[in-house]
Amino acid sequence: MYYVRKEMGDDNGKTREEEKQQENKATPSDISDYKIIKEGEAEILMIAKNEVFYNKAQVNNRDISIAVLRTFISKRKEEHETMLSRRTKAVQKVSNDGASKLEAPIESNKGNDKSNGECEELEETSLDEPCSIPEEPVKILEGKGRGELKPPRVLEALSASGLRALRYAREIEGIGQVVALDNDKVSVEACRRNIKFNGSVACAKVESHLADARVYMLTHPKEFDVVDLDPYGSPSAFLDSAVQSVADGGMLLCTATDMAVLCGGNGEVCYSKYGSYPLRGKYCHEMALRILLACIESHANRYKRYIVPVLSVQMDFYVRVFVRIYTSASAMKNTPLKLSYVYQCTGCDSFHLQPLGRTVSKNNSVRYLPGFGPVVSQDCSDCGKKYNMGGPIWSAPIHDQEWVTSMLADVKSMKDQYPAYDRISAVLTTVSEELLDVPLFLSLHNLCSTLKCTSPSAVIFRSAVINAGFRISGTHVNPLGLKSDAPMDVIWDIMRCWVKNHPVKAQPPDLAGSVILAKEPVLQANFARAVASLSKAQAKKVARFLPNPERHWGPKLRAGRQITSKHVSLLGPQALNGMNNHKAEEEKEEQEQEGNEPQAKRKKTEDPNSLS
């Protein structure tokens, strides 16, 4: 309570004497101007004004970040122990080799007749080398001992109210120091107030600074094991400094909320920010994830670094990626193998990927060469229309299956510690069943829209693909999306066979669907139900796509913007009413401080009709 009152005194610009008077009162009404918001184990004080950004919808974001960091800490510990065991084995091997070399000359002196020169050489070696060989590795082992793995340091680059940093500090076991940055003075004051409000654990672990995140990260290279970027909008301005601030093997957590840009609404803006051109297909949200990953990789490559994605999700109104960053000039050469351009037909749903690079192995050497192309002709082979070209995008896997399985098990075992358990467990379940090596996906409804036919059920379509000898899965991005390694000509053959059994009305011959159906199918589809046509989650009827928990669930106004009647559809009427009530209370307080009567009373006394 004391800290809250003191911060309020600082915010209002009171003198030291006024602060002392305020402290002496010590009444519970000191925090009456604030609303206490509890999320997980953290509590923050929020004022009715829109001064500091807080978004309730980001609880999913914060929960899944906590799940990833818990897994990161355990994986980091395992990696450290593995490294120590390898180092110990190397030391023992070297010491054993040294001991065998030491024993050899002693035996030869006793039993063998050899020249003095040889014996002298062996004696010199035995005196110096066997002792000095194991000494150095032993010192290294002692210096980086089993108990010397320091807790991971976390940087929350854009902290606002500090809720995320507080949740990290209070809820993640084994977390180290959490540094919360913001470039706004009001936000830093709010963050410090919240740190003190959360008690000794938060005060010991979390520190808040007023600083430009880009400058701070540039001046602290490779100092943080975890860097969390969650800006209001695009993270592109922070990526260059962020990839430099992460330690080797550390993690970068990055959110992008500018989905209109990433999904093709403004392709030229996307290219200027992320260096990639988006396409407006049904898979645009997954393409947004892959554009962001490609952008992070390009920034990392400038410093001989590369990324390894462990989880990449599209949730609510944003995309969120979790990547590990390593330094290796040789491994960095593989980047062109992980990037591809995308050709999307303007007439049908066909898309094809063009890898940027390829490798040629000869003996023990590997040559890196440009990718072969083009992968498509000038006109679409299925419908005869032209192609749009987008990219480059990240075409390598965007998840680590081992991490996802571990996270899902951890989330289920600590169900009560995740406020958004239902949502994040549903997302992780769907992610765990995705095909990792298949970029982008098809929409069954879009395929049927092109052909103007009735849609087969997802189970029937999945069975036809599986019976044709290919793999298929769902995607966490879209409930109707299907990932498959089947080429587009196989997909269209399956649809042609479906239309033969379910005829369509005659269409103009120049339409894309008419051109596709005019061709005879090469593959005869088998629509008999396959065993693997349902995923494990579907078979067990586990919820995978949940509705929003309440109305107006989405992005809120940027901090500092005035809430007006036009924002009712975005924030809900209660936000507008709360703002109006707060303004009325503020006006009343100002008038009382000036020694004036409230306006309502003054109007009554000034009204001549009221005197009669």
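Everything below is about the structure printed above this text.
Note that the structure is predicted; figures quoted are calculated from it, not measured.

(A) Just the pairing of strand S10 (residues 339–345), in detail. In terms of burial, S10 is largely enclosed, as six of its seven residues are buried. The pairing of S10 with strand S14 (residues 387–394) spans six bridges and is antiparallel. Across the sheet, the residue bridging to Gln344 is Asn388, located in S14. With five bridges connecting them, S10 and strand S11 (residues 351–355) associate as antiparallel partners.

(B) Expanded view of helix H12 (residues 284–301). For H12, built from 18 residues, the straight-helix expectation of 26 Å at 1.5 Å per residue is met to within 8% by its first-to-last C-alpha distance of 25 Å. Where burial is concerned, most of H12 is hidden: 16 out of the 18 residues are buried.

(C) Fine view of helix H13 (residues 401–413). For H13, spanning 13 residues, the distance from its first C-alpha to its last is 18 Å, which sits close to the expected 18 Å at 1.5 Å a residue. Taken together, the buried positions of H13 are Trp403, Val404, Met407, Leu408, Asp410 and Val411. The buried side chains of H13 occupy one side of the element, clustering within an arc of 165 degrees when seen end-on. Looking at H13, the residues exposed on the side facing more than 90 degrees away from the buried face are Glu402 and Ser413. Measuring from the backbone nitrogen of Glu402 back to the side-chain oxygen at the start of H13 gives 3.0 Å, which picks out Asp400 as the cap.

(D) Local environment of the side chain of Thr335. With respect to the helices and strands, Thr335 occurs in the loop between strand S9 (318–327) and S10. Thr335 sits in the buried class, given a relative accessible area of 6%. Here Thr335 is in contact with Glu297 and Asn301, once residues within four sequence places are set aside.

(E) Quick peek at the packing of H13 against helix H14 (residues 421–432). Between H13 and H14, whose axes approach to 10 Å, the crossing angle comes to 150 degrees. Here H14 runs roughly antiparallel to H13, going by the angle between their axes. As H13 packs across H14, the resulting crossing turns out to be left-handed. The residues of H14 that touch H13, namely those facing Gln401, Val404, Met407, Leu408, Val411 and Lys412, are Tyr421, Ile424, Ser425, Leu428, Thr429, Val431 and Ser432. Per-class residue counts for the contact of H13 with H14 are eight nonpolar, four polar and one charged.

(F) Highlighting the sheet that holds S11. Spatial ordering of the open sheet is given by S11-S10-S14, a layout of three strands whose pairing is antiparallel. The open sheet terminates on both sides in strands that have one partner only, identified here as S11 and S14. Sheet twist, expressed as the mean angle between neighbouring strand axes with direction ignored, is 25 degrees. Running over the sheet, H12 touches S10 and S14 and is turned about 55 degrees from S14.

(G) Spatial organisation of the pattern of salt bridges. Counted under the stated rule, the structure contains 23 salt bridges. The closest approach of N and O atoms between Arg214 and Asp212, which form a salt bridge, is 3.2 Å. According to the relative accessible area criterion, Asp212 is partly exposed, its value standing at 24%. Notably, a salt bridge pairs Arg302 with Asp240, separated by 3.5 Å at the nearest N-O pair.

(H) Fine view of unusual backbone geometry. Omega for the bond connecting Gly373 with Pro374 falls within 30 degrees of zero, at -5 degrees, which places this linkage in the cis form. Summarising the element assignment, Pro374 is placed in the loop between strand S13 (365–370) and S14. Going from Gly391 to Pro392, the amide bond is cis rather than trans, its omega being 0 degrees. Inspection of the secondary structure assignment puts Pro392 in strand S14. Phi is positive for Leu440, close to 60 degrees, though the residue is something other than glycine.

How each quantity is defined
Residues numbered from 1 in each chain as written. Predicted model: local features only at pLDDT ≥ 70, side-chain atom pairs only at ≥ 80, totals over all residues. Heavy atoms only, no water. Buried < 20%, exposed > 50% of the residue type's maximum accessible area, 1.4 Å probe, protein only. Helix = DSSP H or I, 4+ residues; strand = E, 2+ residues; numbered from the N terminus. Pairing = 2+ DSSP bridges. Expected span 1.5 Å × (residues − 1). Arc of directions from axis to C-beta. Polar contact = N/O pair within 3.5 Å; in protein donor to acceptor, adjacent residues only side chain to side chain. Contact = heavy atoms within 4.5 Å. Axes fitted to C-alpha atoms, helices over the stretch in contact; angles between N-to-C directions. Parallel < 35°, antiparallel > 145°, perpendicular 65-115°, else oblique. Left-handed = near helix turned anticlockwise from the far one by under 90°. Nonpolar A, V, L, I, M, F, W, Y, C, P; charged D, E, K, R; others polar. Salt bridge = Lys/Arg side-chain N within 4 Å of Asp/Glu carboxyl O.

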